[in-house]
Amino acid sequence: AGVTHAGGWPLRLCPGDRPGCCCAPLSFGDGPRPMALGRCAESSDAFLSGSPAPVTFDVHKPDCTPGTLGPLLSLLRCFLEGGPCWDLVQADQPGLVASSAGPSLQPKVPPRQAHSLWGHRAGLPGCPHPAFLLPAPQNERQKAVVDAFLHAWAGYRKFAWGHDELKPLTRSFSEWFGLGLTLIDALDTMWILGLKKEFQEARKWVSKKLRFRKNVDVNLFESTIRILGGLLSAFHLSGDILFLKKAEDFGNRLMPAFRTPSKIPYSMVNIGTGVAHPPRWTSDSTVAEVTSIQLEFRELSRLTGDKKFQEAAEEVTRRVHALHGKLDGLVPMFINTNSGSFTHLGMFTLGARADSYYEYLLKQWIQGGKKERQLLEDYLEAVDGIRKHLLARSEPRKLTFVGELNHGRFSAKMDHLVCFLPGTLALGAHHGLPAEHMELAQALMDTCYQMYRQMETGLSPETAHFNLHHTKILKDVQVKAADRHNLLRPETVESLFYLYRLTGDRKYQDWGWEILHSFNTYTRVPSGGYSSISNVQDPRHPQPRDKMESFFLGETLKYLYLLFSDDPDLLSLDTYVFNTEAHPLPIWAPS
Ligand code: DMJ
């Protein structure tokens, strides 16, 4: 049967979760809750481009009524038999709706996956955001982000295509894992920014060139958050199963890292040979590394139905939870892969090597539908620990900052990495945690902004030292020679996004706009790309370092784009949780 939709806009949203899903007022089915398993005869591009042309729906099961297994069986048959697969849509009112699984869902999914995909789709609430269905209206600031992205992408495409990172000055590239890191990290950003042509070109590279059967050592944490996280979110946004298949392959190749005497994973694993090991100089892993892979491994299990990913990652969480050596919920920075105990006791930071431990406690709790109490308790205890041991105020502006503790000695040192914390605290408050968390978030947000504002280039140093004394010094933020660099990191704009989304205070957008301006002034390389710089205090000679980190495209520009959006439903914080590399993953059972 075919049903023609005469192209009346605007389109209705369907109750599926995938962008690319096309929905139209479509009369079909007589029951109170008509159901249809159908597909658009034209590609979903017709919808995305807002084509007023009639679109025909082929309806495979014209007689499916509520309560029958017909549609589900058809869907499974579709997966098993091949051919384009389309989604089952249930309409709440007659006269609705909808369905397609995205432009490039591949046929021939093994039954186990077909089933889990079905469960996944059926489990998610809400609709894809209109921006994913129609050409998204973009305001001037968002257009400036798109322009920055295209400039960065042009450099990568010309000089580093398929390699890990662009070296924009020498117009070449660097390899870390040799897996097209920037390309994978940037996939979902392209989707969100509406850069379909670029996305499709990158997808083709993933399909034709990305191979994980390679004799190469990868860092478990870095490759999980960037590659596994990037593939999973590309799958969720596009509905394209290619990305899930790649994610599953990659996840399998990371698993040898968990074969250690303590079940605390090694930091390195060879994805070709399956041999895992710690770095050459130690048998320790860092605490942030082993505790910030759980969002991705849990989601991979949920999508594939293969529990081993989740079990391995959650075993780490359980063991770290039970360890001695914490201080009111604060964790040391290292953990031994043989003994499973913390090492280098007595040193506490929210910066490098510990940062995302705290972030993932909260985010896993959110991901799992706020049911896993132990995660919440550990997070709440840690926030109290931060308040008790690590907070101080600077002079002269009395900025609240998070310092470090070294065997009882406080140091007024704060990595830029710590600037993820205002966003995380605000997110927790949004999900029902105490209002004081939001107050602390706002105070810390001011501080992170001042880390940019008080520098001559308007860009933050890698690490700030805060002035604690009443002197003639006018700046709160002091910088040591070794810390003057800026790597295009995202944490401050990430937090600005959360703070704006959750308070509506436009000053956060304005601060982000200033930061984008500074990136454009001091880090943009005319021939394409952006470069990290060595000196944020010398606007005349910022000393570009010839490297564009993958997270500039994966995170920094994505968060800026989202910050400038006034639409709370664009990747709603009630539907998605962002991994520590800014890749959105669905909340399993949102409240
Ligand atoms: C990214 O890889 C992630 O944000 C990680 O959590 C910290 N380091 C970089 C960005 O600064």
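The structure displayed is predicted, hence computed values, not measured ones.

Peer 1: Explain the pattern of salt bridges to me, please; I cannot follow it from the model alone.
Peer 2: Two side chains with opposite charge may pair up if their charged atoms get near one another. A complete count under the given rule lists 26 salt bridges for this structure. Of the charged contacts, one joins Asp505 and Lys507 as a salt bridge, the two residues approaching to 3.9 Å between their closest N and O atoms. On the basis of relative accessibility, which here comes to 31%, the residue Lys507 falls in the partly exposed class. For Asp566, the salt bridge is made with Arg506, and the minimal N-O distance between the two is 3.4 Å.

Peer 1: Looking at this structure, how should I read the site of the ligand?
Peer 2: Taken together, Ile225, Arg226, Leu417, Arg489, Pro490, Glu491, Phe551, Glu555, Thr580 and Glu581 are the residues near the ligand. In the environment of the ligand, an oxygen atom lies 3.4 Å from a nitrogen or oxygen atom belonging to the side chain of Arg226. Side-chain polar atom of Thr580 to an oxygen atom of the ligand: 2.7 Å apart, as the coordinates give it. When the ligand is considered free in solution it has 290 Å² of accessible area, and contact with the protein chains removes 92% of it. At the level of elements, α8 (220-238) and α19 (550-563) are the ones that each hand at least two residues to the shell around the ligand. Here the shell around the ligand is built from residues that sort into 4 nonpolar, 1 polar and 5 charged.

Peer 1: Even after reading the chapter, I still don't get the state of the cysteines, so can you show me in this structure?
Peer 2: In protein chemistry, a disulfide is the covalent bond that joins the sulfur atoms of two cysteines. Applying the stated criterion across every chain yields a total of 1 disulfide. One disulfide in the model links Cys419 with Cys448; its S-S distance is 2.1 Å. Residues Cys419 and Cys448 share a disulfide whose torsion about the S-S bond is about -100°; that sign makes it left-handed. Residue Cys419 is found in the loop between β18 (413-415) and α15 (421-430), and its partner Cys448 is found in helix α16 (residues 435-453); the two are separated by 29 residues along the sequence. In terms of burial, Cys419 and Cys448 fall into one category: buried.

Peer 1: How should I be thinking about the nonpolar core in this particular structure?
Peer 2: As a rule of thumb, nonpolar side chains are buried together in soluble globular proteins. In this structure, Leu187, Phe297 and Leu350 are the most contacted members of the largest nonpolar core, which totals 154 residues. Those residues in contact with Leu350, other than ones at most four positions away along the chain, are Leu330, Asp355, Tyr358, Ile386, Leu390, Val402, Val418, Phe420 and Leu421.

Peer 1: What exactly am I supposed to notice about the UniProt feature "active site" (unreviewed entry) in the protein here?
Peer 2: As annotated by UniProt and renumbered to match this structure, "active site" (unreviewed entry) occupies Glu222, Asp355, Glu462 and Glu491. Aside from chain neighbours lying at most four places away, what touches Glu222 is Trp176, Phe177 and Ile227. In this structure, Glu491 is in contact with His416, Leu417, Cys419 and Phe420, ignoring residues within four places of it in sequence.

Peer 1: Looking at this structure, how should I read the sheet that holds strand β10 (residues 284-286)?
Peer 2: Strand pairs in the sheet, formed through backbone hydrogen bonds, run parallel or antiparallel to each other. Across the sheet, which stays open at both edges, the 3 strands sit in the order β10-β11-β12 with antiparallel pairing between neighbours. Only two strands of the sheet have a single partner each, and these edge strands are β10 and β12 (342-343). Pairing of β10 with strand β11 (residues 334-336), which is carried by 3 bridges, proceeds in the antiparallel orientation. Bridge assignment links Asp284 to a residue of β11, and that residue is Asn336.

Peer 1: Is there a simple way to think about the packing of aromatic side chains in this case?
Peer 2: Per the counting criterion, the structure on display carries 23 aromatic pairs. For the ring pair Tyr357 and Tyr358, a centre distance of 4.9 Å and an interplane angle of 80° mean the geometry is edge-to-face. Across the pair, exposure class does not vary: Tyr357 and Tyr358 are buried alike. Judged by centre distance (5.8 Å) and plane angle (80°), the ring pair of Trp513 and Phe564 falls under edge-to-face. Of this pair, Trp513 sits in helix α18 (residues 507-522) while Phe564 is found in the loop between α19 and β21 (576-578), placing the two residues 51 residues apart along the sequence. Exposure remark for Trp513: the relative accessible area of 33% places this residue in the partly exposed category. Members of the aromatic cluster, each reached through a chain of ring pairs, are Phe149, Trp153, Tyr156 and Trp161.

Peer 1: What am I meant to see in the UniProt feature "binding site: Ca(2+)" (unreviewed entry) in the protein here?
Peer 2: The positions that UniProt labels "binding site: Ca(2+)" (unreviewed entry) are, in the present scheme, Thr580. With respect to the secondary-structure elements, Thr580 resides in the loop between β21 and β22 (584-586). Among the residues examined, Thr580 registers a relative accessible area of 14% and is labelled buried. Sequence-distant contacts of Thr580, that is, excluding residues within four places in its chain, are made with Phe221, Ile225, Ser356, Glu359, Tyr360 and Glu555. Among the polar contacts listed, one links the side chain of Thr580 to the side chain of Glu359, at a separation of 2.9 Å.

Peer 1: Just to check I follow, could you spell out the environment of Asp546 for this structure?
Peer 2: By secondary structure assignment, the location of Asp546 is in the loop between α18 and α19. In the structure, Asp546 is positioned 17 residues away from Gly529 in sequence and 9.7 Å away in space, judged by C-alpha atoms. What Asp546 contacts, discounting residues up to four positions off in sequence, is Leu166, Lys167, Pro168, Leu169, Thr170, Ser531 and Ser532. Here Leu169 takes part through its backbone nitrogen, which lies 2.6 Å from a polar atom of the side chain of Asp546. A distance of 2.7 Å separates the side chain of Asp546 from the side chain of Thr170, its partner in a polar contact.

Peer 1: Sorry if this is basic, but what is going on with the packing of helix α7 (residues 196-208) against helix α9 (residues 241-254) here?
Peer 2: Between two packed helices, both the angle of their axes relative to each other and the distance between the axes serve to describe the pair. In contact at an axis separation of 11 Å, α7 and α9 are set at 40° when each is read in the N-to-C sense. The angle between α7 and α9 falls in the class oblique. In this structure, the crossing between α7 and α9 has a hand that is left-handed. Residue-level inspection shows Phe199, Arg203, Val206 and Ser207 of α7 in contact with α9, the latter providing Leu242, Phe243 and Lys246. Here the residues of the contact of α7 with α9 are counted per class, giving 4 nonpolar, 1 polar and 2 charged.

About the criteria used
- Residues numbered from 1 in each chain as written.
- Predicted model: local features only at pLDDT ≥ 70, side-chain atom pairs only at ≥ 80, totals over all residues.
- Heavy atoms only, no water.
- Salt bridge = Lys/Arg side-chain N within 4 Å of Asp/Glu carboxyl O.
- Buried < 20%, exposed > 50% of the residue type's maximum accessible area, 1.4 Å probe, protein only.
- Near = heavy atom within 4 Å.
- Polar contact = N/O pair within 3.5 Å; in protein donor to acceptor, adjacent residues only side chain to side chain.
- Areas by Shrake-Rupley, 256 points an atom, 1.4 Å probe, with all protein chains shown as cover.
- Helix = DSSP H or I, 4+ residues; strand = E, 2+ residues; numbered from the N terminus.
- Nonpolar A, V, L, I, M, F, W, Y, C, P; charged D, E, K, R; others polar.
- Disulfide = S-S within 2.5 Å.
- Core = buried A, V, L, I, M, F, W, Y, C linked by side-chain atoms within 4.5 Å.
- Contact = heavy atoms within 4.5 Å.
- UniProt positions renumbered as here; feature names shortened; annotations may be inferred.
- Pairing = 2+ DSSP bridges.
- Phe/Tyr/Trp six-rings, centres within 6.5 Å; stacked < 30°, edge-to-face > 60°.
- Axes fitted to C-alpha atoms, helices over the stretch in contact; angles between N-to-C directions.
- Parallel < 35°, antiparallel > 145°, perpendicular 65-115°, else oblique.
- Left-handed = near helix turned anticlockwise from the far one by under 90°.

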